[in-house]
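# Commentary on secondary and tertiary structure
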Amino acid sequence: MKALEVRIRKVRKSDVDRIVDIERSWHHLSHWSIDSYYRLLNDDSFTSSFVAELEEESGSNSIVGFVIFHIAADVSEIYNIAVENGHARSGIGKQLMTAAIEESARRKARKVILEVRKSNNPAINFYLGFTFKIAGERKSYYSNPIEDAYVMELDISD
Ligand SMILES: CC(C)(COP(=O)(O)OP(=O)(O)OC[C@H]1O[C@@H](n2cnc3c(N)ncnc32)[C@H](O)[C@@H]1OP(=O)(O)O)[C@@H](O)C(=O)NCCC(=O)NCCS
């Protein structure tokens, strides 16, 4: 299936409400408070984060996905990535993750890391597709429900 064409752009403060809506469209995701998102927005590093914008037939744009990541020294950490439930499996996540990896490499990160619920097979499969490897585990990392995390890592040092 042809991927849905979206525009990937840097996040803006005004995007927070849509980001929260998309996050809430997935029940299994850990829900961050709106305040946490605004706090991240006041952190300069938040500007590395991207949203995916879809042009609707009406001509208006709507945000259908986001990736939030943080680059410190040579490590880029994906804090969260999600595509609106109704637009999943249309290639949007792939475009967002590709943009995050490219930006991380541009800013001299040597690896990209993330945590994922052990039961989140769709996301694990998605990351394996980018050749992320399971590098470790964190016991009871998640709450509601309590669950271990896999730590996944992608080497981008070349
Ligand atoms: C994980 C997520 C971001 C992927 O985004 P997406 O736009 O749906 O993914 P894409 O369409 O770009 O898929 C790329 C590849 O990932 C894999 N993949 C994606 N969704 C999958 C699923 N439900 N089951 C199995 N593999 C999947 C496939 O290999 C897919 O390629 P293919 O469609 O050609 O087979 C999205 O499903 C999502 O928002 N999930 C809920 C939030 C979440 O769990 N985030 C991770 C937190 S750690």
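In this report, we go over the structure that sits alongside the text.

What counts and how
- Residues numbered from 1 in each chain as written.
- Predicted model: local features only at pLDDT ≥ 70, side-chain atom pairs only at ≥ 80, totals over all residues.
- Heavy atoms only, no water.
- Helix = DSSP H or I, 4+ residues; strand = E, 2+ residues; numbered from the N terminus.
- Rg over C-alpha atoms; globule rule 2.2 N^0.38 Å.
- Buried < 20%, exposed > 50% of the residue type's maximum accessible area, 1.4 Å probe, protein only.
- Contact = heavy atoms within 4.5 Å.
- Areas by Shrake-Rupley, 256 points an atom, 1.4 Å probe, with all protein chains shown as cover.
- Lys, Arg positive; Asp, Glu negative; His and termini not counted.
- Charge placed at Lys NZ, Arg CZ, Asp CG, Glu CD.
- Phe/Tyr/Trp six-rings, centres within 6.5 Å; stacked < 30°, edge-to-face > 60°.
- Polar contact = N/O pair within 3.5 Å; in protein donor to acceptor, adjacent residues only side chain to side chain.
- Near = heavy atom within 4 Å.
- Core = buried A, V, L, I, M, F, W, Y, C linked by side-chain atoms within 4.5 Å.

## A closer look at the overall build of the protein chain
Looking only at helices and strands, one finds four helices and seven strands in the protein chain. Scanning the protein chain from its N terminus toward the C terminus, one meets helices and strands in the order β-α-α-β-β-β-α-β-α-β-β. A globule of 158 residues ought to have a C-alpha radius of gyration of about 15 Å, and the protein chain, at 15 Å, matches this closely. Principal-axis analysis of the C-alpha atoms places the extent of the protein chain at approximately 45 × 40 × 35 Å. For the protein chain, with 158 residues in total, the buried portion stands at 44%. Of all intrachain contacts in the protein chain linking residues separated by at least 6 positions in sequence, the fraction that spans at least 24 positions is 60%. In the form shown here, the protein chain has an accessible surface area of approximately 9000 Å², with 49% of it arising from carbon and sulfur atoms. The average position of the 21 basic charges and that of the 24 acidic charges among the side chains of the protein chain differ by 3 Å.

## Let's talk about the packing of aromatic side chains
Applying the stated rule across the entire model yields six aromatic pairs. Summarising the aromatic geometry, the rings of tyrosine 141 and tyrosine 142 are spaced 5.0 Å apart at their centres and angled 85° between planes, so their arrangement reads as edge-to-face. The exposure class assigned to tyrosine 141 is partly exposed, which follows from its relative accessible area of 40%. By relative accessible area, tyrosine 142 is classed as buried at 13%. Ring pairing ties together the aromatic residues Phe126, Tyr127, Phe130 and Phe132, which thus form one cluster.

## Topic: the side chain of serine 90
By the secondary structure assignment, serine 90 is in the loop between strand E4 (75-83) and helix H3 (92-106). For serine 90, a relative accessible area of 12% puts it in the buried group. Within polar-contact distance, the side chain of serine 90 engages the backbone oxygen of histidine 87 at 2.9 Å.

## Concerning the site of the ligand
Around the ligand, the surrounding shell holds 21 residues, and the nearest of these are Val83, Arg89, Gly91, Gly93 and Asn120. Within the backbone of glycine 93, a nitrogen or oxygen atom sits 2.7 Å from an oxygen atom of the ligand. The side chain of asparagine 125 places a nitrogen or oxygen atom 2.8 Å from a nitrogen atom of the ligand. Considering the ligand on its own, with 920 Å² of exposed area, one finds that the protein chains cover 76% of that surface. Breaking the shell around the ligand down by element, the ones donating at least two residues are E4, H3, strand E5 (111-117) and helix H4 (121-129).

## Things to note about the nonpolar core
Residues Ile78, Met97, Tyr127 and Phe132 are the most contacted members of the largest nonpolar core, which totals 30 residues. If you list the elements that add at least two residues to this core, you get strand E2 (50-55), strand E3 (61-72), E4, H3, E5, H4 and strand E7 (147-155). It is H3 that provides the largest number of residues to this core, a total of six residues. What methionine 97 contacts, discounting residues up to four positions off in sequence, is Ile78, Ile81, Leu114, Phe126, Tyr127, Phe130 and Phe132. If you look at the next biggest cluster of nonpolar residues, it comprises 14 residues, including Val11, Val20, Leu41 and Phe66.

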